[in-house]
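What follows is each chain in one-letter form.
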Amino acid sequence: MDTALGNLEKYLSQNKKTILEKWYDLILKTYPEETARFLRRNKDQFENPVGHDIREGIQGIYDGILQGSGDEKFYPFLDKIVRIRAVQDFSPSQAVAVIFFLKQVVREELEEEITGGKINLTELLVFESRVDKLALITFDIFMECREKLAEIRINEVKNRTYKLLQKANMIV
Amino acid sequence: MASTPKPEEILKINYKPPRTRWMDTPVEFKPGTFCYGAKPDNLKGLGLPNPREWSPADEDWKLPENWKEILLEGLRERLDRFRSLRVFMDICVRCGACADKCHFFIGSGDPKNMPVLRAELLRSVYRKEFTTAGKILGKIVGARELTEDVVKEWFYYFFQCTECRRCSVFCPYGIDTAELTIIARELLVLLGCHIDWVVASVNNCNRTGNHVGIQPHAFYDTVDMLCDDIEDITGIRIEPTFNRKGAEILFIAPSGDVFGDPGIYTFMGYLMLFHELGLDYTLSTYASEGGNFGLFTSHDMMKKLNAKMYHEAERLGVKWILGGECGHMWRVINQYMDTMNGPADFLEEPVSPITGTKFENAKSTKMVHITEFTADLIRHNKLKLDKSRNDHLKVTFHDSCNPARAMGLFEEPRYIINNVCNNFYEMPENTIREKTFCCGSGSGLNNDEFMEMRMRGGFPRANAVKHVHEKYGVNVLSCVCALDRAAFPPLMHYWVPGVEVSGVHELVGNALVMKGEKEREEDLRGEPLGGMEDDE
Ligand code: SF4
Ligand code: SF4
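What you are looking at is a predicted structure, and each value in this text was computed from that prediction instead of being measured. (Residues numbered from 1 in each chain as written. Chains lettered and ligands numbered in written order. Predicted model: local features only at pLDDT ≥ 70, side-chain atom pairs only at ≥ 80, totals over all residues. Heavy atoms only, no water.)

1. Describing the overall build of chain B
Okay, step 1: Helices and strands together make up the secondary structure of chain B, namely 23 helices and seven strands.
Okay, step 2: Taken across its 536 residues, chain B has 64% of its residues classed as buried.
Okay, step 3: Sequence-distant contacts, at least 24 apart, represent 76% of the contacts inside chain B between residues at least 6 apart.
Okay, step 4: Carbon and sulfur atoms make up 48% of the accessible area of chain B, which amounts to about 19,200 Å² in all.
Okay, step 5: Taking the 63 positively charged and 77 negatively charged side chains of chain B as two groups, their mean positions are separated by 7 Å. (Helix = DSSP H or I, 4+ residues; strand = E, 2+ residues; numbered from the N terminus. Buried < 20%, exposed > 50% of the residue type's maximum accessible area, 1.4 Å probe, protein only. Contact = heavy atoms within 4.5 Å. Areas by Shrake-Rupley, 256 points an atom, 1.4 Å probe, with all protein chains shown as cover. Lys, Arg positive; Asp, Glu negative; His and termini not counted. Charge placed at Lys NZ, Arg CZ, Asp CG, Glu CD.)

Structure representation (structure tokens):
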């Protein structure tokens, strides 16, 4: 699939490591300092699942953008990032904002190339629109998570003993 | 470019958390992250202080006038009574080894959920009031005044600790933050500041013998209904006895197994096993609860609720007690029961009537864990098992915190599972056995209003389940704890859809070939056997 990112694609590829690191850093900054330190330091998938999932998530998103993947390919990676944020201490905008951070990082990292005309503005706009779209999908996932949480709560109340007692004709 | 506003500026996102010191950051009670306060009727029912209508989200907690005096006196008393408390207050070197080991910290990212900081909430007050350095130097040595905000903070964070003891495994000094949480909750209850889910359960148990508040006839009816289900599936009618004097064994299970889905399938497994063995046992409608939410309230409540096990055993004249798959029940039995309500001289050292095995580990408490009992039966080849009846299941095992860390029960459940299932897969090493991750809902936090926090705290566990689900297609999370069986279904629903939750004896019940049974077509849940068609 044509990514329509032209030259920008080349620069995104070349600077992938730095851009991802900076993106990761910005996301970690949404947590208190001590927490960010832990999320950064421990690389174990099971001891630090939040840090690990964010890393995998942004990597997958980035690769998807480079490869021009279709929307559905992004879901699992966006999910990795937002499912936990949907139950953590964030407002909806704070939970979803981390996707937008990518725009900021790219502008900063590729500032020279952009101002120097090596990357044309149309390419940048295409890229940014893509990020915007991913943020909207992320918002959908966020809402799904919250709805699921509400549903779980309701079921929890209904399910437990009530169902059984009803079955045994103890509650009418 | 330089003058272009950054997206974060345009969005005006204030994503930086407050940069105040932890001591100066007051708690905010947001829905989903705290449990409802104890209702006046439930406090009254137990004779606990300060019954009143209140919510933790209220500005005014309606504390008794002399609340500060009560707390400090309570703390002083406990420092004298529990040597461990004084030691834990003094010896922490703040090395940080425990800091990132708590599932609530890992999942919530809230630094005050680091065990060392959680303990510091209490320790800071201890320093101020009970140490000379703290009295003189104050904040410089980490001491602080006891204020109403501190009480609120205690409530928030000590009901955000599941008393799972994972942190203590990593502490070089063996400091057990769970014990500090136990003490802190005990102090809070002196002010009537406890959570309703726990106090209501204790109040129920005190009146009716179980947390759910089910009365004897309903207990009987529910078990009878489970026997109907067993008959449908196996063609065999089981008639368990209740409160029968002179039985050899008294069997006590957590009430969650009798009244809660999916615990009931585990209970069916117990009944089938005992029937097949022809075991001389009885159930009790008085000691109808293995669990003990008293443990999450105060030492006195724990003792009171626990006492009925021995009372009933003595009244019925049984020889020993067999206990079901429960988590914290075993912590109470293993760590407290003997000195608290024992010695149970009127009971005998447990011996399996089937194999003759002496359970020497239970010599003193006279109480045997069902997985020890069943593993011994399998070891002696006393059961006919058809593993293939669990072939539609791919099973992993969660070490429930209390059986794992409070009694070292690691091998027996695994031995049983391996003998009744063909497909068993372990989760990663640093998430099982003594390092097991808590379900995130233990110690009485398994209520629905706390769901958001439960999803945070349960994430490390769910994450490991997700791993084996994706890698091996695991579709059953088995465990030996009734609280787990209640807490895991929602956790799985949120994090790992497609994974069901079961007890170990449910799997035993599926595999157990019973004399005179009809050809089995369904498992205990009524699902078709051997069908891999539908994993969901
Ligand atoms: S006992 Fe468990 S929940 Fe409590 S602080 Fe330690 S690790 Fe966390
Ligand atoms: S590991 Fe032990 S000594 Fe170290 S900070 Fe934690 S409680 Fe204190």
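2. Digging into the overall build of chain A
Okay, step 1: Looking only at helices and strands, chain A features eight helices and zero strands.
Okay, step 2: Ordered by position from N to C terminus, the α and β elements of chain A give α-α-α-α-α-α-α-α.
Okay, step 3: Against the compact-globule benchmark of 16 Å for 172 residues, chain A has a radius of gyration of 20 Å, which places it well outside the compact range.
Okay, step 4: Along the three orthogonal principal directions, the C-alpha set of chain A runs to about 75 × 35 × 25 Å.
Okay, step 5: When contacts within chain A are restricted to residue pairs at least 6 apart in sequence, long-range pairs at least 24 apart make up 72% of them.
Okay, step 6: When the accessible surface of chain A is summed, it comes to about 8,200 Å², and 52% of that surface belongs to carbon and sulfur atoms.
Okay, step 7: For chain A, the distance from the average position of its 26 positive side-chain charges to the average position of its 28 negative side-chain charges is 5 Å. (Rg over C-alpha atoms; globule rule 2.2 N^0.38 Å.)

3. Topic: the packing of helix 4 (residues 83–91) of chain B against helix 6 (residues 115–130) of chain B
All names here are of chain B.
Okay, step 1: One way to put it is that helix 4 packs onto helix 6 with a least axis distance of 10 Å and a crossing angle of 90°. Compared by their axis directions, helix 4 and helix 6 come out roughly perpendicular. On the side of helix 4, the interface is formed by Arg 86, Phe 88, Met 89 and Asp 90, while helix 6 contributes Leu 122, Arg 123 and Tyr 126. (Axes fitted to C-alpha atoms, helices over the stretch in contact; angles between N-to-C directions. Parallel < 35°, antiparallel > 145°, perpendicular 65-115°, else oblique.)

4. As for a negative patch on the surface
Okay, step 1: A cluster of acidic residues, Asp58(B), Glu59(B), Asp60(B), Glu148(B) and Asp149(B), forms a negative patch at the surface.
Okay, step 2: One can find Asp60(B) in the loop between helix 2 (40–45) and helix 3 (67–81). (Patch = residues over 30% accessible without salt bridge, like charges linked within 9 Å, V, L, I, M, F, W, Y side chains within 5 Å. Salt bridge = Lys/Arg side-chain N within 4 Å of Asp/Glu carboxyl O.)

5. Quick look at the pairing of strand 6 (residues 476–479) of chain B
Okay, step 1: Both faces of strand 6 of chain B are covered, namely the face carrying Val476(B) and Ser478(B) and the face carrying Leu477(B) and Cys479(B).
Okay, step 2: After leaving strand 6 of chain B, the chain enters helix 22 (residues 482–495) of chain B and then returns to the sheet as strand 7 (residues 500–503) of chain B, a path that is right-handed. (Right-handed = clockwise from strand over helix to strand, strands pointing away.)

6. Things to note about the sheet that holds strand 2 (residues 281–283) of chain B
Residues and elements named next belong to chain B.
Okay, step 1: The four strands lie next to each other as 2-1-3-4, forming an open sheet whose pairing is parallel. Bordering the open sheet on either side are strand 2 and strand 4 (367–369), each of which pairs with just one other strand. Strand-to-strand, the axes of this sheet are offset by a mean angle of 30°, without reference to chain direction.
Okay, step 2: Of the pairings in the sheet, the one linking strand 1 (residues 249–252) to strand 3 (residues 320–323) comprises four bridges and is parallel in character. The residue bridging Phe 251 from the neighbouring strand is Leu 322, located in strand 3.
Okay, step 3: Along the sheet, helix 15 (residues 299–316) makes contact with strand 1, strand 2, strand 3 and strand 4, crossing strand 1 at roughly 150°.
Okay, step 4: Its contacts with the sheet put helix 16 (residues 328–341) on strand 1, strand 3 and strand 4, and the angle it makes with strand 4 is roughly 140°. (Pairing = 2+ DSSP bridges.)

7. Here's the deal with the interface of chain B and chain A
Okay, step 1: With 62 residues of chain B in contact, the opposing surface of chain A contributes 54 residues.
Okay, step 2: Counting the surface lost from both chain B and chain A, the interface buries some 4,900 Å², and carbon and sulfur atoms represent 62% of this.
Okay, step 3: Between Glu156(A) and Arg454(B) there is a salt bridge, with its nearest N and O atoms 3.0 Å apart.
Okay, step 4: Here chain B and chain A share 14 residue pairs in polar contact (both at pLDDT 80 or more) between them.
Okay, step 5: For the side of chain B that touches chain A, the elements supplying multiple residues, two or more each, are helix 1 (7–10), helix 5 (103–108), helix 12 (216–234), helix 13 (255–259), helix 20 (451–457), helix 21 (459–472) and helix 22 of chain B.
Okay, step 6: For the side of chain B that touches chain A, the element with the highest residue contribution is helix 21 of chain B, accounting for six residues.
Okay, step 7: Considering only residue class, the side of chain B that touches chain A consists of 33 nonpolar, 13 polar and 16 charged. (Buried area = accessible area lost by both parts, 1.4 Å probe. Polar contact = N/O pair within 3.5 Å; in protein donor to acceptor, adjacent residues only side chain to side chain. Nonpolar A, V, L, I, M, F, W, Y, C, P; charged D, E, K, R; others polar.)

8. Remarks on the site of ligand 1
All names here are of chain B.
Okay, step 1: Residues in contact with ligand 1, as listed here, are Cys 102, His 103, Pro 115, Arg 118, Cys 161, Thr 162, Glu 163, Cys 164, Arg 165, Cys 167, Thr 177 and Ala 178.
Okay, step 2: Listing elements by their share of the shell around ligand 1, those giving two or more residues are helix 6 and helix 10 (177–189).
Okay, step 3: Taken together, the residues of the shell around ligand 1 break down into six nonpolar, three polar and three charged. (Near = heavy atom within 4 Å.)

9. Focus on the confidence of the model for chain B
All names here are of chain B.
Okay, step 1: Averaged over chain B, the pLDDT score is 93; the fraction of residues at 70 or greater is 95%.
Okay, step 2: A low-confidence stretch, residues 10–15 stays under pLDDT 50, and its non-local contacts, those more than four residues away or across chains, total 13 contacts.
Okay, step 3: Within the model, pLDDT remains below 50 along residues 531–536, and this stretch shows eight contacts once partners closer than five positions in the same chain are excluded.
Okay, step 4: Listed scores for the predicted complex are pTM 0.94 and ipTM 0.94. (pLDDT = per-residue confidence, 0-100.)

10. What about helix 11 (residues 196–208) of chain B?
All names here are of chain B.
Okay, step 1: Compared with the 18 Å implied by 1.5 Å per residue over 13 residues, the 17 Å span of helix 11 between its first and last C-alpha is a close match.
Okay, step 2: Within helix 11, ten of the 13 residues are buried, leaving the element largely enclosed by the surrounding structure.
Okay, step 3: Residues of helix 11 that are buried: Asp 196, Val 198, Val 199, Ala 200, Ser 201, Val 202, Asn 203, Asn 204, Cys 205 and Thr 208.
Okay, step 4: Turning to helix 11, the residues buried within the fold contact helix 2 and helix 15.
Okay, step 5: Two residues or fewer past helix 11, Gly 209 is found with a positive phi of approximately 100°. (Expected span 1.5 Å × (residues − 1).)

11. Side note on the nonpolar core
Okay, step 1: Counting residues in each nonpolar core, the largest one holds 155 residues, and the members touching the most others are Leu12(A), Phe127(A), Trp154(B), Met492(B) and Trp495(B).
Okay, step 2: For this core, the element with the most residues is helix 8 (residues 121–167) of chain A, which contributes eleven residues.
Okay, step 3: Once residues within four sequence positions are removed from consideration, Trp154(B) is found in contact with Leu71(B), Leu121(B), Leu122(B), Val125(B), Arg144(B), Leu146(B), Phe159(B), Leu187(B) and Leu188(B).
Okay, step 4: Listed in part, the 57 residues of the second largest apolar core include Phe259(B), Phe397(B), Val480(B) and Ala511(B). (Core = buried A, V, L, I, M, F, W, Y, C linked by side-chain atoms within 4.5 Å.)

12. Side note on a nonpolar patch on the surface
Residues and elements named next belong to chain B.
Okay, step 1: Among the surface-exposed residues, Ile 136, Leu 137 and Ile 140 lie close enough to one another that they form a single nonpolar patch of about 360 Å² accessible area.
Okay, step 2: With respect to the helices, strands and loops of the structure, Ile 140 is situated in the loop between helix 7 (132–137) and helix 8 (148–158).
Okay, step 3: Overall, the relative accessible area of 73% leaves Ile 140 in the exposed class.

13. Describing the domain arrangement of chain B
All names here are of chain B.
Okay, step 1: Segmenting chain B into domains produces domain 1 (7–30 + 49–193) and domain 2 (202–511).
Okay, step 2: Using C-alpha coordinates to define each centre, domain 1 is positioned 32 Å away from domain 2.
Okay, step 3: Contacts between the two partners involve 25 residues from domain 1, matched on the other side by 28 residues from domain 2.
Okay, step 4: Together, His 103, Arg 165 and Arg 166 form the three largest contributors to the area buried by domain 1 at its contact with domain 2, with a combined 24%.
Okay, step 5: Linking domain 1 to domain 2 there are zero salt bridges.
Okay, step 6: The tally of links from domain 1 across to domain 2 stands at nine residue pairs in polar contact (both at pLDDT 80 or more).
Okay, step 7: Elements with a contribution of two residues or more to the side of domain 1 that touches domain 2: helix 5, helix 9 (166–170) and helix 10.
Okay, step 8: Ranked by the residues each element gives to the side of domain 1 that touches domain 2, the list is headed by helix 10, at six residues.
Okay, step 9: When grouped by side-chain class, the residues that make up the side of domain 1 that touches domain 2 number 13 nonpolar, five polar and seven charged. (Domains from an automatic or database assignment.)

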